[in-house]
There are 2 protein chains.
Amino acid sequence: MKNLTVLGSTGSIGCNTLAVAANQDSAFRIFGLAAGRNVTLLAEQAERFRPEILALEREEDAEAFRRASSFSPSKILFGPEGAAEVAGDTRNDIVVSAITGINGLRPTLAAVESGARVALANKESLVVGGFLLREAASRSGAEIIPVDSEHSAVFQCLAKERAQDVRKVILTASGGPFFRLTPEEMRSKSPEEALNHPRWKMGKKVTIDSATMMNKGLELIEARWLFDLERDQLGILIHPQSIVHSLVEMRDGSVLAQMSLTDMKIPIQYALTFPERIDSGLPSLDLSRIKELEFYDVDLNQFPLVSLAFEALEREQAFSVGLNAANELAVEAYLDKQIDFFQIHEVVTESLASQEQNQNVLTLDDIFAVDREARERTRQLLQQRK
Amino acid sequence: MKNLTVLGSTGSIGCNTLAVAANQDSAFRIFGLAAGRNVTLLAEQAERFRPEILALEREEDAEAFRRASSFSPSKILFGPEGAAEVAGDTRNDIVVSAITGINGLRPTLAAVESGARVALANKESLVVGGFLLREAASRSGAEIIPVDSEHSAVFQCLAKERAQDVRKVILTASGGPFFRLTPEEMRSKSPEEALNHPRWKMGKKVTIDSATMMNKGLELIEARWLFDLERDQLGILIHPQSIVHSLVEMRDGSVLAQMSLTDMKIPIQYALTFPERIDSGLPSLDLSRIKELEFYDVDLNQFPLVSLAFEALEREQAFSVGLNAANELAVEAYLDKQIDFFQIHEVVTESLASQEQNQNVLTLDDIFAVDREARERTRQLLQQRK
């Protein structure tokens, strides 16, 4: 029986994780749950899974939880320190890191430092703090196992292989709702159209990132840190069916791939049970029904944020921190209809152009400082456009 | 430096093996070469690779070799015993078994019994003698690593997975030149049309087997023995591009696949270097140029020999021996224009229907006896049709 803590338990990955754990209730015991402000759902989860420790975003959420729930855990924590405390508790065997955004970094680092297995769904942790997490994992011996379907695919393909035999890792991308459009046609697309993703049901921020393909850009940076790859070892292919989750080309010319139905329970479960696999109860992938798997190169003129992500693979850490922060604010502004679709990348590019790139970014504090500056700068750029 | 012996060195797999070995001449030394009657090519190979031992099919071929070659190996052997002697020499580290047909069985068994790694390209060894080879390998500790692109793909996908986690192995098939035709359209197809294979350049027998899909049927039986699978764990998908060489569905719903360009040097090299991979010098697979990978179910009315192969997965060994023998003669008769395309399966079905199925087939002698009877019976059936 393994102690499992879920950071971001009320989000999509968090709920799927609890569904996987409930399906394997002789293997996993829910030790901790950390959520944001969705007190109602957290109260339901707590009553069902009876964790030792809970963490919420704010003190008032913790109080609301006490009023809403008949179940009393041993501890109810709040604030960034609360999430980090439950994440870093040494009684955890596995921590699923699924808090969205840069807020996920501190608790993820705490989990890695504790030596637990970290099933990582929080992209930003690696994007802004890849170096830090890798160092911490090598000190503590923590395993970091990716939950993103793309990185899970790479991990599954590489599990059997020697690092020096890898020629290239190719992340697949659905291409989002706009990939068959010209840049001019994309410019006028509304948030409503961008949110209509053809394959995956996800949160708003990541759905827009999928339409700009910045999502894939962030995944490139993640893959760099997860698998210790150079820029020329990383590539992207658009694959609209989202069945092949990624490809690994070996130096003998073989290409290994992992495929599955688009159900996040598969990579989540794999991260929990690796190196074993257990029956997921999910139906088989039937390629004869899907019939065609298509693959296209990415047009960088159409998806200029991907170029910035490739650039980040060769730049200092500050560049990735600034890229992530600027993109987050630009996406927000787009969702608020302050800017149009193509201005997302224009704002990000401007913000990065005016960033001091030669800063040392070695600690959590360094990362948060660069992040704050980047957000401030991007906010000003967005103001000027109003 | 590993001692490498190539059985069937003048055939297509043999020549490709020598090309791979020449490309890695610090890793492999050619210890033995066994060939059929192509004395001229064997003499060229012997002069280039200077093996210790040679084997040819007949005594007169051995004499012709002495006259034709300026190079004198330590030993020149001939006959089935000659091939078995070089195959079973305990100085071999790796034996590539690429003699075509049931003639490959005796030397393959000798190699397996010697405890060498056996890179297996000879389908018939496993089809007619799977039980025997598996027992011999478990006694000697020999590794049997498949060279067929399909089985190599499965082997690569399974390399570090646990056997109990496998739900299904799906072999891909190009479908051959006729898979878009109706059975009626196929009936009238000439050997010349059947030999025009869209993807792989192979010998005549295997190219016809590809047009009838019996090739895939034989591979099903091979896979049963190589990977210890039950009938309901084996499937086939038609994949006309021949890029995905096979698929392995795990019980968690993940499907692992291996892809590559259609170049036999890739699986051959893998069988020689496993668990390592080395640079093949081959170009990268570019999926964005191929653009589409298609998958179709097999229509068993169109390819009735595949049904017989599925049946063989549940029947005693005698059934597979009879199936292989009858098919070989029926294909010969088709190539000689004695029967039409659809009569291949009719003759095979009739031959199997009149075979005594409850024979014990445990030894080499048993296998050869059943094989002889099946050939005799099939010959009579073919005579009656004249």
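Every residue gets a number counted from 1 within its own chain, in the order that chain's sequence is written. Chains carry letters from A onward and ligands carry numbers from 1 onward, assigned in written order. For a predicted model such as this one, the threshold for reporting local features is a pLDDT of at least 70, and the threshold for listing and counting side-chain atom pairs is 80 or more; totals across whole chains, interfaces and linings nevertheless cover every residue. With hydrogens and water set aside, each side-chain value is computed from the structure's full complement of heavy atoms.

Notes on the sheet that holds strand E4 (residues 75-78) of chain B
Residue and element names in this part refer to chain B. Spelled out, the test is: When DSSP finds two or more bridges between a pair of strands, those strands are recorded as paired. Numbered from the N terminus, helices here are DSSP runs of H or I no shorter than four residues, and strands are runs of E no shorter than two. Under this scheme, a helix contributes an axis fitted over its contacting stretch, all axes are lines through C-alpha atoms, and angles between N-to-C directions fall in the 0 to 180 degree range.
The sheet built from seven strands is open, its strands ordered E4-E3-E2-E1-E5-E6-E7 with parallel pairing. Edge positions in the sheet fall to E4 and strand E7 (144-146), since each has one partner strand and no second. Direction aside, the axes of adjacent strands within the sheet are offset by 25° on average.

Focus on helix H3 (residues 59-68) of chain B
Think of an α-helix as turning once every 3.6 residues; residues three or four places apart then point the same way. Residue and element names in this part refer to chain B. Our working definition: Relative accessible area decides the class of each residue, using a 1.4 Å probe on protein chains only: under 20% of the type maximum gives buried, over 50% gives exposed, and in between gives partly exposed. The directions from the helix axis to the C-beta atoms form the arc being described. Residues count as neighbours in contact if any of their non-hydrogen atoms are within 4.5 Å of one another.
All of the buried residues in H3 are Asp61, Ala62, Ala64 and Phe65. Projected down its long axis, H3 carries its buried residues within an arc of 160°, all on one side. Tucked into the core, H3 has its buried residues touching helix H2 (39-49), strand E3 (53-56) and E4.

Details of the interface of chain B and chain A
What counts is decided by this rule: Accessible area, probed at 1.4 Å, shrinks when two parts are joined; the buried area is that loss added up over both. By convention in these notes, a salt bridge is any Lys or Arg side-chain nitrogen within 4 Å of a carboxyl oxygen on Asp or Glu. Polar contacts, as used here, are pairs of N or O atoms within 3.5 Å; protein pairs need one atom able to donate a hydrogen and one able to accept it. Residues neighboring in sequence count only if both atoms are side-chain atoms.
Counting residues at the interface gives 44 residues for chain B, matched by 42 residues for chain A. Contact between chain B and chain A buries roughly 3,800 Å² in total, counting both sides, with carbon and sulfur atoms accounting for 48%. Ranking the residues of chain B by area buried against chain A places Asp252, Arg277 and Phe295 of chain B at the top, with a combined share of 19%. Counting the contacts that link chain B with chain A gives eight salt bridges. For Glu276 of chain A, the salt bridge is made with Arg162 of chain B, and the minimal N-O distance between the two is 3.6 Å. Scanning the region where chain B abuts chain A turns up 30 residue pairs in polar contact (both at pLDDT 80 or more). Listed by contribution, the elements that provide at least two residues to the side of chain B that touches chain A are helix H7 (149-158), strand E10 (244-250), strand E11 (255-259), helix H12 (265-273), helix H13 (287-290) and strand E12 (292-294) of chain B. By residue number, the principal contributor to the side of chain B that touches chain A is E11 of chain B, which donates five residues. By the bridge criterion, five bridges tie strand E11 (residues 255-259) of chain A to E11 of chain B in an arrangement that is antiparallel. Of the residues in E11 of chain B, the one forming a bridge with Gln258 of chain A is Leu256 of chain B.

Some thoughts on the confidence of the model for chain A
Here is the rule: Known as pLDDT, the predictor's per-residue confidence is scaled from 0 to 100.
For chain A, mean pLDDT is 95; residues scoring 70 or higher make up 99% of the total. Across the predicted assembly, pTM comes out at 0.94 and ipTM at 0.93.

What about the packing of aromatic side chains?
The following threshold applies: Pairing of aromatic rings covers Phe, Tyr and the six-membered ring of Trp, with a centre-to-centre limit of 6.5 Å; geometry is then stacked below 30 degrees between planes, edge-to-face above 60, and tilted otherwise.
Going through the model one piece at a time under the given rule, you end up with 14 aromatic pairs over all chains. Ring plane angle 70° and centroid distance 6.5 Å describe the contact between Phe131 of chain B and Trp225 of chain B, whose orientation is recorded as edge-to-face. Pair noted here: Phe131 of chain B is in helix H6 (residues 123-140) and Trp225 of chain B is in helix H11 (residues 214-227), with a separation of 94 residues, a long-range link. Residue class for Trp225 of chain B comes out buried when judged on its relative accessible area of 10%. Ring geometry for Tyr270 of chain B versus Phe274 of chain B: centroids 5.7 Å apart, planes at 55°, classification tilted. Take Tyr270 of chain B and Phe274 of chain B: they sit in the same class, and that class is buried. One aromatic cluster is present, built from ring pairs that chain together Phe155, Tyr270 and Phe274 of chain A.

Re the packing of helix H10 (residues 204-212) of chain B against H11 of chain B
Residue and element names in this part refer to chain B. To keep things clear, this is the line we draw: Comment on the angle field: the value is read as roughly parallel under 35 degrees, roughly antiparallel over 145, roughly perpendicular from 65 to 115, and oblique elsewhere. Amino acids outside the nonpolar list (Ala, Val, Leu, Ile, Met, Phe, Trp, Tyr, Cys, Pro) and the charged list (Asp, Glu, Lys, Arg) are all regarded as polar, and Gly is one of them.
For the pair H10 and H11, interaxial distance at closest approach is 5 Å and the crossing angle is 95°. Between H10 and H11, the interaxial angle falls into the category roughly perpendicular. Of the residues in H11, those in contact with Lys205, Val206, Asp209, Ser210 and Thr212 of H10 are Met214, Asn215 and Leu218. Considering only residue class, the contact of H10 with H11 consists of three nonpolar, three polar and two charged.

Thoughts on unusual backbone geometry
That bond from Phe274 of chain A to Pro275 of chain A is cis: its omega, 5°, falls within 30 degrees of zero. Secondary-structure assignment places Pro275 of chain A in the loop between helix H12 (265-273) and helix H13 (287-290). Of note in this structure, Ser242 of chain B is not a glycine but carries a positive phi near 50°. Here Ser242 of chain B is to be found in the loop between strand E9 (234-238) and E10.

Some points on the side chain of Asn16 of chain A
All names here are of chain A. Mapped onto the elements, Asn16 comes out in helix H1 (residues 12-23). Judged by its relative accessible area of 18%, Asn16 is buried. With sequence-adjacent residues up to four places away left out, Asn16 is seen in contact with Met264, Lys265 and Ile268.

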